[in-house]
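Working through the structure, step by step
Listed here are the chains, written in short residue letters.
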Amino acid sequence: MGLIAGEGACDNAACMQIKPKPQPIVILISGGGSNMAAIVRAAQKEAWAAQFGAQVVAVISNKPDAGGLRLAREQGIATEVLSHSAYASRTDFDQALATAIARYDQPTRPTLVVLAGFMRILTPGFVAQHAGRLLNIHPSLLPAFTGLHTHQRAIDAGCKYAGATVHQVSAELDAGAILEQSALPVLPGDTEQMLAARILATEHIIYPRAIRNWLATQVRV
Ligand code: GRF
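Residues numbered from 1 in each chain as written. Predicted model: local features only at pLDDT ≥ 70, side-chain atom pairs only at ≥ 80, totals over all residues.

1. Regarding the overall build of the protein chain
Counting its secondary structure elements, the protein chain contains seven helices and seven strands. Written out in order from the N terminus, the α and β elements of the protein chain read β-α-α-β-α-β-α-β-α-β-α-β-β-α. The C-alpha radius of gyration computed for the protein chain amounts to 19 Å, which stays within 12% of the reference 17 Å derived for 221 residues, consistent with globular compactness. Here the C-alpha coordinates of the protein chain stretch approximately 65 × 45 × 35 Å along the principal axes. Across the 221 residues of the protein chain, 36% fall into the buried class. By sequence separation, contacts in the protein chain at least 24 residues apart represent 65% of the contacts at least 6 residues apart. (Helix = DSSP H or I, 4+ residues; strand = E, 2+ residues; numbered from the N terminus. Rg over C-alpha atoms; globule rule 2.2 N^0.38 Å. Buried ≥ 20, exposed ≤ 12 C-beta atoms within 10 Å, placed from the backbone. Contact = placed C-beta atoms within 7 Å.)

Below you can see the structure in the form of structure tokens.
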């Protein structure tokens, strides 16, 4: 897909095969890591390495006990823990995080940073440094219900539909450009847990899709 350049300029199609530039992906987590696992699965199943040069090179957690760390290690992915409580300020933590991520940058392509249940608000400085290559998933139909407790708030508001949103991260919380959304009905008798579980299943579909689409736009650059 999109890897054959200058069709017609060469008789032998194989000689025109262009290897995509390496595109590192670092996933940031704080918890169970089911979105991270879905992304890793999609990367393998859809051969993101061959198609886009893309590889999940590391999973970084701000919590030492995040369940997703074990899942990542089982997949042979490098893991790091950067505990936010070990830093004096939000800025200090974000600088350490940026330094950790930058180690995975390639000369031709900086790292794509994927927030997958990463429960930290990032400083404007960090966001600016990673602008355009910093994605997040939020469990609501943005712009409705930014912030926390999205499922209960959707139920309490009497919403007929709820869902999830993949978006670019901007300095304002949960307000960056929308890339993908899933929507499903809120059912009579839904509890926060029931609704969250159904929405989470859709997150596992839309997050890999949004990343794949982002990679596809980059590979042509
Ligand atoms: C997801 O619902 C995500 O939208 C929210 O936190 C949850 C993380 O789940 N930000 P997991 O760690 O990916 O399983």
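Additional details are given in the paragraphs that follow.
2. Some thoughts on the sheet that holds strand 3 (residues 78–81)
Sheet architecture is open: seven strands sit in the order 3-2-1-4-5-6-7, paired in mixed fashion. With partners counted over all chains shown, the strands left at the sheet margins are strand 3 and strand 7 (178–185), one partner each. Shown here is a sheet whose adjacent strand axes are inclined to one another by a mean of 20 degrees, direction ignored. Relative to strand 4 (residues 112–115), strand 1 (residues 23–29) runs parallel, the two sharing four bridges. Each residue of the ladder has a partner; that of I27, found in strand 4, is V114. (Pairing = 2+ DSSP bridges. Axes fitted to C-alpha atoms, helices over the stretch in contact; angles between N-to-C directions.)

3. Focus: the domain arrangement of the protein chain
When the parts of a complex come together, some accessible area is lost, and that lost area is often taken as the interface size. Here the domain parsing of the protein chain yields domain 1 (23–117) and domain 2 (136–206). For domain 1 and domain 2, the distance between their C-alpha centres works out to 22 Å. On the domain 2 side, the residues contacting the five residues of domain 1 number six residues. Examining the composition of the side of domain 1 that touches domain 2, we find that three residues originate from one element, helix 1 (residues 34–45), more than from any other. (Domains from an automatic or database assignment.)

4. Quick notes on helix 4 (residues 90–102)
Each full turn of the α-helix corresponds to 3.6 residues, which orients residues three or four apart in the same direction. Taking 1.5 Å as the rise per residue, helix 4 with 13 residues should run 18 Å; its terminal C-alpha atoms sit 18 Å apart, in good agreement. Along helix 4, the residues classified as buried are F93, D94, L97 and I101. Mapping the buried residues of helix 4 onto a view down its axis gives an arc of 95 degrees, with all of them on the same face. If you follow the buried residues of helix 4, they end up packed against strand 1, strand 4 and helix 5 (124–129). (Expected span 1.5 Å × (residues − 1). Arc of directions from axis to C-beta.)

5. Re the site of the ligand
With respect to spatial proximity, 16 residues lie near the ligand, and among them G32, S34, N35, G117 and P139 are the closest. At the level of elements, helix 1, strand 5 (134–138) and helix 7 (192–219) are the ones that each hand at least two residues to the shell around the ligand. Here the element with the most residues in the shell around the ligand is helix 1; it accounts for three residues. For the shell around the ligand, the per-class residue count stands at seven nonpolar, eight polar and one charged. Taken domain by domain, the shell around the ligand gets at least three of its residues from each of domain 1 (23–117) and domain 2 (136–206). (Near = placed C-beta within 6 Å. Nonpolar A, V, L, I, M, F, W, Y, C, P; charged D, E, K, R; others polar.)

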